[in-house]
Amino acid sequence: MIFKDMEEVRRHLRIGVPLPCYFIGGADDQRKRTILSKIVNMTTAGGTGFDNHRFSGNVSADVIADAAFEITFGGGRRCVVCEDIPFGSMGENEYKKFEQLVTEVCEMGGSTVLVFIFSAVDTEPKKESKTTATGKKSRFEPLKKLIDKCGGGIIKCETPTPAELGSIIEKTCSKYHCSIHRDLCAYMVERCGSDSALLMNEARKVAEYKGEGIITKADIDLMTCATPDAKIFDLSAKIAARDRQGAFAVLGELREMGEKAPLILNILSSNYIDMFRAKAARASGKSKSDIAKDFPKSYPKPRQFLIDRALTAQSRYSAAALLECIDVLLSAEQRMKSTGGNEDIILDEAVAKLFSIK
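Quick caveat: nothing in here was measured; it's all calculated off a predicted structure.

## Considering the layout of surface pockets
So, point 1. Of the pockets and cavities examined, the largest pocket occupies roughly 530 Å³.
So, point 2. Around the largest pocket, the lining is made up of 17 residues, and of these Arg10, Arg31, Thr34, Ile168 and Met200 lie nearest the centre.
So, point 3. At the level of secondary structure, the elements contributing two or more residues to the lining of the largest pocket comprise α1 (6-15), α2 (29-44), α6 (162-175) and α8 (196-210).
So, point 4. Per-element tally for the lining of the largest pocket: the top contributor is α6, with six residues.
So, point 5. Class assignment of the residues belonging to the lining of the largest pocket gives a composition of six nonpolar, five polar and six charged.

In structure tokens, the structure reads:
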């Protein structure tokens, strides 16, 4: 079966009866690890012992089959986890062995649970198989179809939505007898990023510091680490506010964090491009949802707060001034790539030129 969403996955895991085979992929590593842990635990009573096997990388189908079909010591199920098996680079005969393995495991009635988990694989069903860079057909699609046909499960762990991330933060804080307003949850996502594992850790730090009660913005600013994106947005805000001293102080903080000038310049340029898009959208009567629809790769759901920020920030500039800012940043990028000059000096000069634009 192909699990449609995380709620369907959670219902399946609560039932506690594993499917014979799973294919787990997607972008959210924390979710993948959590789901894998629950599958292993409900299969082999804690995920430890002789009936739990883990393989990674370039492992042959024969080796995995030996583990899948061995006699169990406790008389229960076996769990065989295969991580990042390189199906795309293996020979056709070896791949056929894996298909045969999946078929045989699924025919065994659940005595062995076989799990394929991948660092970053799209698990959505496609009408046609993808092709690799070498022109060969991707083997992931046929494998997923086979697992689905044989009674296994296909799980895609997408990056959580902003609402889901907010719930993660709220639940983490509540475990430490603290509460947090949903607006501040959104602020934490903007400040710390959308990685669920990182957000859980940052929320725990804030809640442990607070002890109990209602968490404030000051608590978050004090105890959490801002991502480079958030810091660079602070930089662009300082520039817009004509705060030269504050802007160069933020630049110093970014360098102390180990961020390189090309990355800072790239994200800073993105901020100005966001503002120009927002300015153009406002001028043509378009909404936030229109911007997200026009630029889906730039603004996936977890990062649509960038549109809100840009819609607010664009009011400080005219369209002509934003274009001039973008030209300055583009020129700095070209200098970094072509002249071999000191990248930090080129970045400092670009920031100084932005202050001269009215």
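So, next bit.
## Some remarks on the packing of aromatic side chains
So, point 1. Under the criterion given, the structure shown has 11 aromatic pairs.
So, point 2. Ring geometry for Phe87 and Phe98: centres 5.0 Å apart, planes at 85°, overall edge-to-face. Pair noted here: Phe87 is in the loop between β3 (78-83) and α4 (92-107) and Phe98 is in helix α4, with a separation of 11 residues, a long-range link.
So, point 3. For Phe98, a relative accessible area of 0% corresponds to the buried category.
So, point 4. Three or more aromatic residues joined by ring pairs form one cluster here, namely Phe23, Phe87, Tyr95, Phe98, Phe116, Phe118 and Phe140.
So, point 5. The ring of Phe355 has Arg244 sitting right over it, with the charged end atom 4.7 Å from the ring centre.
So, point 6. In this structure, Arg309 is placed above the aromatic ring of Phe233, and the distance from its NZ or CZ to the ring centre is 3.9 Å.

## Topic: the pattern of salt bridges
So, point 1. Applying the stated criterion across every chain yields a total of 24 salt bridges.
So, point 2. Of the charged contacts, one joins Lys96 and Glu92 as a salt bridge, the two residues approaching to 3.9 Å between their closest N and O atoms. Residue Lys96 and its partner Glu92 are located together in helix α4, separated by four residues, close to a single helical turn.
So, point 3. Exposure remark for Glu92: the relative accessible area of 42% places this residue in the partly exposed category.
So, point 4. Between Asp219 and Lys210 there is a salt bridge, and its shortest N-O distance comes to 3.1 Å.
So, point 5. Through salt bridges with shared partners, one network takes in Glu92, Lys96, Glu99 and Arg139.

## Thoughts on the nonpolar core
Generally speaking, a soluble globular protein has its nonpolar side chains buried in company with each other.
So, point 1. One finds Leu235, Ile239, Leu268, Tyr272, Tyr317, Leu347 and Leu354 to be the most contacted residues of the largest nonpolar core, which totals 31 residues.
So, point 2. Taken together, the elements giving at least two residues each to this core come down to α10 (228-240), α11 (244-256), α12 (261-283), α15 (319-338) and α16 (343-355).
So, point 3. Apart from residues lying up to four places away in sequence, Ile239 is in contact with Ala247, Tyr272, Tyr317, Val351, Leu354 and Phe355.
So, point 4. Counting 27 residues, the second largest nonpolar core, distinct from the first, contains Phe55, Ala61, Ala65 and Cys106.

What counts and what doesn't
- Residues numbered from 1 in each chain as written.
- Predicted model: local features only at pLDDT ≥ 70, side-chain atom pairs only at ≥ 80, totals over all residues.
- Heavy atoms only, no water.
- 1 Å grid on protein atoms, 1.4 Å probe; cavity = no way out; pocket = protein on both sides within 12 Å on 5 of 7 lines; lining within 4 Å.
- Points joined across faces, edges and corners; volume = space filled by probe spheres on them.
- Helix = DSSP H or I, 4+ residues; strand = E, 2+ residues; numbered from the N terminus.
- Nonpolar A, V, L, I, M, F, W, Y, C, P; charged D, E, K, R; others polar.
- Phe/Tyr/Trp six-rings, centres within 6.5 Å; stacked < 30°, edge-to-face > 60°.
- Buried < 20%, exposed > 50% of the residue type's maximum accessible area, 1.4 Å probe, protein only.
- Lys NZ or Arg CZ within 6 Å of the ring centre and 35° of its normal.
- Salt bridge = Lys/Arg side-chain N within 4 Å of Asp/Glu carboxyl O.
- Core = buried A, V, L, I, M, F, W, Y, C linked by side-chain atoms within 4.5 Å.
- Contact = heavy atoms within 4.5 Å.

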